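# Geometric and topological summary
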Amino acid sequence: MTDQPSLNGLLKWGIENSVPNGTDGAAAPRNTTRGLDPEMLAQLLGGPSDADRMRDAMSAIVAPVDQVDLENKMIAWDNFEQMIENLDNANNMDPLGLWPPLVQQLSNTEAEMRRMAAWCCSTAVQNNVKSQEKMLAAGGIKELARLSTTDDSVVVRKKAVTALSSAMRNFQPGMDELESVLPGSVWKRKGLDAADMDSVDELIGRLREGAAR
C-alpha cells in the first residue's frame, strides 16, 4: 500500500503537470518526470521500488549457491551497493531487516562474498550516523575488526579497514567498540576521540599497514 508521503508526492506531481484549463495542450513539451524521485516514479509506473530491489538483491546474495551461482551473486552485490549509495536507501536497510544478513556475509567462506559485504558496509555507513548505529548494533564493527586483522585474503583485509574507517569517524560508540575488540598485539587502547581525525588516521593507518602484509 502506498504510504501517505509518497501519495502526497504523486498528487503534487499530478497537479503540477496537468494541462491548465483553457489550453489546447499544444505548449512546448515539458519534462513530466521532474520532481519525481525514483521511488515515486516506480510507484507511478508500477515497477519495483528500491526497497523491493534491495530485498531481491539480498535474497540472491544469501541464497544457496546451487540456486544462485557466484557470478550472479556478484551482480546482486553490485546492484545492492549502488542502491545504498543513496542515503535514504541506506537508512531503509534497518526497517527492511537487511543489516543482519549483510553482517552475516562477513563470515562467508568465499572471499569475494566477504569483500563485497565489507564494501557494502563501508558504503552504507559513510557520513551516515544512523547507519553507523545500526551496523554497530548488528555486530558489524566486531566482524570487520576480525576480518581486518585475521582474514587470509589481503583484498578482504583492506576492504574491511576501509569499512572501519567509515564506521567510526565522528561516531564515538564505533570508535570505542573498535578499540575494545582489536587484539592488543595490533592496538593498545588509548581512548581515542572519534572526532579527532588525526587520532582516527593513526588507528586506521596502523590497521592498513597490517592489512597489506
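In this text the structure is predicted, and so the values were computed from the model without any measurement. (Residues numbered from 1 in each chain as written. Predicted model: local features only at pLDDT ≥ 70, side-chain atom pairs only at ≥ 80, totals over all residues. Heavy atoms only, no water.)

### A few points about the pattern of salt bridges
Between side chains of opposite charge, a pair can form when the charged atoms approach closely. Here the structure, examined in full by the defined rule, presents eight salt bridges. Among the salt bridges present, the one from Arg53 reaches Asp50, with a minimum N-O distance of 2.3 Å. With Arg53 and Asp50 both in helix H3 (residues 50–62) and three residues apart, the pair spans about one turn of that helix. Overall, the relative accessible area of 33% leaves Arg53 in the partly exposed class. Measuring nitrogen to oxygen at the nearest pair gives 2.7 Å for the salt bridge that ties Arg146 to Glu143. Of the two residues, Arg146 and Glu143 are both situated in helix H9 (residues 140–150); the distance of three residues between them amounts to about one turn of the helix. On the basis of relative accessible area, Arg146 is assigned to the partly exposed category, the value being 34%. (Salt bridge = Lys/Arg side-chain N within 4 Å of Asp/Glu carboxyl O. Helix = DSSP H or I, 4+ residues; strand = E, 2+ residues; numbered from the N terminus. Buried < 20%, exposed > 50% of the residue type's maximum accessible area, 1.4 Å probe, protein only.)

### Some details on the side chain of Ser165
Positionally, Ser165 belongs in helix H10 (residues 154–168). Assessed through its relative accessible area of 8%, Ser165 is described here as buried. One polar contact links Ser165 to Arg169, side chain to side chain, over a distance of 2.9 Å. Excluding residues within four positions of it along the chain, Ser165 makes contact with Ile204 and Arg208. (Polar contact = N/O pair within 3.5 Å; in protein donor to acceptor, adjacent residues only side chain to side chain. Contact = heavy atoms within 4.5 Å.)

### Quick notes on the environment of Met113
Position of Met113 among the secondary structure elements: in helix H7 (residues 111–125). Its relative accessible area of 2% is what places Met113 among the buried residues. In this structure the C-alpha to C-alpha distance between Met113 and Leu70, which are 43 residues apart in sequence, comes to 8.5 Å. Non-local contacts of Met113, meaning those with residues more than four positions away in its chain, are made with Ile61, Leu70, Lys73, Met74, Trp77, Gln105 and Asn108.

### Overview of the packing of H7 against helix H8 (residues 129–137)
Running from N to C, H7 and H8 point in directions that differ by 140°, and their axes come no closer than 7 Å. Taken together, H7 and H8 sit at an angle that is classed as oblique. Each of Cys121, Ala124 and Val125 in H7 lies in contact with H8, whose residues at this interface are Ser131, Gln132 and Met135. Classifying every residue of the contact of H7 with H8 by side-chain character gives four nonpolar, two polar and no charged. (Axes fitted to C-alpha atoms, helices over the stretch in contact; angles between N-to-C directions. Parallel < 35°, antiparallel > 145°, perpendicular 65-115°, else oblique. Nonpolar A, V, L, I, M, F, W, Y, C, P; charged D, E, K, R; others polar.)

### Things to note about the packing of H9 against helix H11 (residues 172–181)
Put simply, H9 and H11 touch, their axes get as near as 9 Å, and they point 45° apart. In this view, H9 runs oblique relative to H11, as classed from their interaxial angle. The hand of the H9/H11 crossing is right-handed. Along the contact surface, H9 presents Ile141, Lys142 and Ala145, while H11 presents Gly174, Glu177, Leu178 and Val181. Grouping the constituent residues of the contact of H9 with H11 by class yields four nonpolar, one polar and two charged. (Left-handed = near helix turned anticlockwise from the far one by under 90°.)

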